[in-house]
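Geometric and topological summary
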Amino acid sequence: MDNSNDNNLPVIQILEQASSSEFYAERLADLVETHGLMTAPANLKSSILARSKQLDVQLIARSNQLSKKLALWYYGFKVVLAGVCCVGVILSVPDMHERYLRSGSTSDHRSIHIETYKVIQELQEKVDDLSKRLWEMGVSSYDKQEK
Amino acid sequence: MRKINAEAALEQWIDNYQNLIFSICFQLTNDYFDAQDLAQETFLSAYKNMSAFDGKNERAWLCKIATNKCLDYLKAAGRRQIPTEDQFLISCRDTSPAPERDVMEKELRQELYDCCMQLKSPYKEVALDYFYHEISIGEMAAKTGKNVKTLQTQVYRAKAMLKKQYRKEDLWNG
């Protein structure tokens with residue numbers, strides 16, 4: 001039994017290469033086409049076409065098409081969100097700068113620096129949290145598709 | 001429009017590559033009916049994932065799907081005979097000249113005929129018409145006057161019986 005499994009390994013390895021690499025898939029196709037091409041059953045085409053019109057197949061095909069559009073939309077949304085966050089940070093900085101100019105002492109400078117740092121850190125955490133949630137949403141929707 | 005395109009593409013792929021995909025599946029499984037099922041699954045999988053296809057090399061893409069399907073089949077528990085590398089290469093080389101290829105196809109068809117003949121009525125007639133003579137269910141319905149649904153059920157059952165019969169024959173022949 002173990003022996004037969006050992007014998008089976010090479011053909012499985014060939015198949016694994018052919019299933020992942022276009023080059024090996026082409027070579028396998030060439031080999032079969034030149035040496036072992038057979039005529040497919042005449043009813044194969046009609047059975048595939050009939051099956052492809054069934055609801056379950058149509059649903060998967062449509063949802064796969066839709067998920068590609070959604071992925072594009074989701075990517076666009078992330079870019080826009082990142083842009084909005086950047087603009088928010090930029091707009092908040094002049095305000096800090098004005099407060100910095102208004103205050104005269106060095107102790108105030110230090111406190112403004114700390115305040116700025118805290119605000120930026122807080123913003124960064126929120127953006128991180130948001131992107132993490134978005135990422136998790138993306139992963140879970142991908143998992144659902146895979147199932 | 002997109003649906004029509006997808007269906008037209010599927011039909012074109014079947015026309016161009018059904019022999020190749022069926023041959024790959026048959027060479028790897030050595031089972032006529034499983035090869036037919038795997039070839040069907042390959043095209044359906046391609047149809048479902050058409051949006052993921054880059055449109056460059058459909059032949060290689062379909063072959064990749066077919067080999068993936070065959071891999072799953074070969075790796076699945078309880079498979080009887082997995083062709084070894086030598087067996088696979090020999091099976092390809094053995095049929096290289098066209099006359100020998102014809103002999104192999106004739107042998108395969110004879111085997112199919114024998115299996116059909118061993119079934120009981122009405123499955124024998126249905127199997128002979130559908131699998132051996134390759135008559136469509138619509139034509140069979142017109143010929144026999146039977147209901148299409150009845151014929152579909154009978155074809156489905158006959159296929160399951162033929163699969164068993166085919167494997168039994170295979171075991172007897174070693």
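Please read these numbers as outputs of a predicted model, since none were measured by experiment.

The rules behind the values
Residues numbered from 1 in each chain as written. Chains lettered and ligands numbered in written order. Predicted model: local features only at pLDDT ≥ 70, side-chain atom pairs only at ≥ 80, totals over all residues. Heavy atoms only, no water. Helix = DSSP H or I, 4+ residues; strand = E, 2+ residues; numbered from the N terminus. Buried < 20%, exposed > 50% of the residue type's maximum accessible area, 1.4 Å probe, protein only. Contact = heavy atoms within 4.5 Å. Areas by Shrake-Rupley, 256 points an atom, 1.4 Å probe, with all protein chains shown as cover. Phe/Tyr/Trp six-rings, centres within 6.5 Å; stacked < 30°, edge-to-face > 60°. Patch = residues over 30% accessible without salt bridge, like charges linked within 9 Å, V, L, I, M, F, W, Y side chains within 5 Å. Salt bridge = Lys/Arg side-chain N within 4 Å of Asp/Glu carboxyl O. Buried area = accessible area lost by both parts, 1.4 Å probe. Polar contact = N/O pair within 3.5 Å; in protein donor to acceptor, adjacent residues only side chain to side chain.

Turning our attention to the overall build of chain B. Check the secondary structure of chain B and you find eight helices and zero strands. When the helices and strands of chain B are listed from N to C terminus, the series reads α-α-α-α-α-α-α-α. Expressed as a percentage of the 174 residues in chain B, the buried residues total 47%. For chain B, restricting intrachain contacts to residue pairs at least 6 apart in sequence, the fraction spanning at least 24 positions comes to 64%. Just so you have it, chain B exposes about 9100 Å², and 49% of that area is on carbon and sulfur atoms.

All names here are of chain B. A cis amide bond links Ser121 to the next residue, Pro122, at an omega of 5°. By secondary structure assignment, the location of Pro122 is in the loop between helix H5 (98-117) and helix H6 (123-132). Even without being a glycine, Asn30 presents a positive backbone phi close to 60°. One non-glycine residue with positive phi stands out, namely Glu134, at about 55°. Considering the arrangement of structural elements, one finds Glu134 in the loop between H6 and helix H7 (137-144). Note on Glu134: relative accessible area 25%, which makes it partly exposed.

Evaluated as defined, the whole model comprises 11 aromatic pairs over all chains. Note on Phe23 of chain A and Tyr24 of chain A: the rings are 5.4 Å apart at their centroids and 80° apart in plane angle, and the pair reads as edge-to-face. You can call Tyr24 of chain A partly exposed: its relative accessible area is 39%. Pairing Phe53 of chain B with Trp61 of chain B gives two aromatic rings, centres 4.5 Å apart and planes at 20°, and the pair type is stacked. The exposure classification of Phe53 of chain B matches that of Trp61 of chain B, with both residues buried.

Okay, a nonpolar patch on the surface next. A grouping of Leu66, Leu70, Trp73 and Phe77 of chain A is seen on the molecular surface, where their side chains present a nonpolar patch of about 450 Å² in accessible area. Note on placement: Leu66 of chain A falls in helix H4 (residues 55-102).

Taken together, the 53 residues of chain B in the interface contact 47 residues of chain A. Carbon and sulfur atoms make up 64% of the surface buried where chain B meets chain A, a total of about 4900 Å² over both sides. Taken as a group, Lys48, Ser51 and Arg59 of chain B account for 12% of the area that chain B buries against chain A, more than any other trio of residues on that side. Our count for the chain B to chain A interface comes out at five salt bridges. The salt bridge involving Lys45 of chain A is made with Asp15 of chain B; its shortest N-O contact spans 2.9 Å. Connecting chain B to chain A are 12 residue pairs in polar contact (both at pLDDT 80 or more).

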